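These are the residues of each chain, in order.
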Amino acid sequence: MASLHGRTVKVAGAGALGLCIAVELAEAGASVTVFDPSPETSASAVAAGMLAPVYEAVLDPVARDHFPLLLAARDAWPDFAERTGVVLDRSGAIYAGDRALDVLTTVADLGVASEVRREGLFVADDWRLDSEPALARLRGVAAAKGVVFVNAGLVDPEGVDAIAATGWRPVSWAPESHVISAIKGQIIRMSDGPLADRTAGPVERRDGGYIAPGARGAMLGATMQPGLTDHEPDQVIFDLVERAFPEVPASSAHAGKVRVGIRGATPDGLPLVGPSMRPGVWLAMGARRNGWLLAPLVAAMTRAYLAGDDPGPWAPNLDARRFTAPEES
């Protein structure tokens with residue numbers, strides 16, 4: 001690992017990307033401070049923790065062309081999880097929607113092995129993690145490595161390297177961040193009915209939604225409401241459950257705990273990663289619904305950028321200036 005000893009780095013954002021970057025840079029010897037005025041509202045906490053390159057590419061048109069990148073990101077997780085103690089759930093995922101033949105064909109076209117089961121089409125290549133314990137673990141590991149946390153926003157930094165990992169919130173000192181748009185997402189953690197006891201096993205994917213097992217009950221989600229930034233639950237999540245999971249009683253859905261998070265997205269659905277046009281500023285934001293999946297890969301790329309090393313083959317895809325840099329003649 002390239003050394004960053006003597007470097008002072010400020011990271012804006014304490015979600016999955018910000019914390020993974022903080023750990024990565026601290027391990028390389030940098031002095032790291034993480035700024036976040038409201039880490040409790042991080043969209044990373046309001047997530048099922050999908051590390052799911054296959055069904056993200058198969059079921060989400062925005063991600064369809066990004067499968068090789070998403071698979072590489074998932075493959076970065078085992079080493080990072082071993083170093084940090086984040087627990088990975090490799091139970092796989094099952095598609096149980098209405099487009100079985102189309103999904104089977106698309107999975108095969110990706111070169112992914114699958115298995116037809118009574119419940120649906122199973123793939124072992126999609127994993128997940130429990131987001132809230134993972135955030136707590138990463139924060140603890142970062143603190144143990146000397147990372148300092150400040151419960152405030154990062155005001156225009158001077159004289160140090162600064163990384164914008166703020167999810168959807170544009171920041172004035174990272175001009176490229178203004179291409180990010182907000183997407184409101186809602187999930188329900190079930191506290192009543194049979195799904196309250198679904199604590200383990202594969203994720204169940206349907207057309208437009210999922211059931212993700214969890215230690216505190218299954219999570220049903222997730223909505224995508226572009227342009228909204230409020231944190232208030234609304235009828236959209238219950239409409240999703242009724243449409244995608246009609247077997248779930250409405251009373252059980254309304255008894256569950258609705259969580260709301262605001263994600264950031266770029267025009268092509270991939271995050272901005274790398275140097276800004278402003279010297280000393282770096283970006284790692286706008287991961288849409290794949291922040292957890294991409295986090296270790298983005299962290300490794302960020303470390304490489306700061307060290308002056310090769311950031312790897314995905315740098316052009318994620319170039320932070322790809323929407324704003326002028327064409328070179």
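One can find the structure itself at the top, above this paragraph.
Residues numbered from 1 in each chain as written. Predicted model: local features only at pLDDT ≥ 70, side-chain atom pairs only at ≥ 80, totals over all residues. Heavy atoms only, no water.

## A look at the sheet that holds strand E8 (residues 148–150)
Logical step 1: The mixed open sheet is built from 6 strands, whose spatial order is E8-E2-E1-E9-E17-E16. The open sheet is flanked by E8 and strand E16 (272–275), the only strands paired with a single partner. Within this sheet the neighbouring strands show an average axis-to-axis angle of 20 degrees, counted without direction.
Logical step 2: Both strand E9 (residues 161–164) and strand E17 (residues 281–285) contribute to a ladder of 3 bridges, which runs parallel. Within E17, the position partnered with alanine 162 by the bridge is valine 281.
Logical step 3: Strand contacts of helix H9 (residues 291–307): strand E1 (8–12), E9, E16 and E17, with the helix running at about 15 degrees to E16, the strand carrying the most contacts. (Pairing = 2+ DSSP bridges. Helix = DSSP H or I, 4+ residues; strand = E, 2+ residues; numbered from the N terminus. Axes fitted to C-alpha atoms, helices over the stretch in contact; angles between N-to-C directions. Contact = heavy atoms within 4.5 Å.)

## Looking at the pattern of salt bridges
Logical step 1: Scanning the model with the defined rule gives 27 salt bridges in all.
Logical step 2: Between glutamate 132 and arginine 259 there is a salt bridge, with the nearest N and O atoms lying 3.3 Å from each other. Of this pair, glutamate 132 sits in helix H6 (residues 131–144) while arginine 259 sits in strand E15 (residues 257–265), and the two are 127 residues apart along the sequence.
Logical step 3: Under the relative-accessibility criterion, arginine 259 is labelled buried at 18%.
Logical step 4: The structure contains a network of salt bridges with shared partners spanning Glu24, Glu27, Asp79, Arg83, Lys145 and Arg303. (Salt bridge = Lys/Arg side-chain N within 4 Å of Asp/Glu carboxyl O. Buried < 20%, exposed > 50% of the residue type's maximum accessible area, 1.4 Å probe, protein only.)

## Considering the side chain of aspartate 130
Logical step 1: Among the structural elements, aspartate 130 can be located in the loop between strand E7 (127–128) and H6.
Logical step 2: Residue aspartate 130 is classed as buried on the basis of its relative accessible area, which comes to 18%.
Logical step 3: The residues contacting aspartate 130, other than those within four sequence positions of it, are Arg189, Ala215 and Arg216.

## Topic: the nonpolar core
Logical step 1: In this structure, Leu25, Val32, Trp77 and Trp292 are the most contacted members of the largest nonpolar core, which totals 56 residues.
Logical step 2: Dropping the residues within four chain positions of it, leucine 25 is found in contact with Leu4, Val9, Ala30, Val32, Ile163, Thr302, Arg303 and Leu306.
Logical step 3: In terms of nonpolar packing, the next biggest core, distinct from the first, is built from 33 residues, Trp173, Ile188, Val260 and Ala320 among them. (Core = buried A, V, L, I, M, F, W, Y, C linked by side-chain atoms within 4.5 Å.)

These figures capture arrangement, not role.
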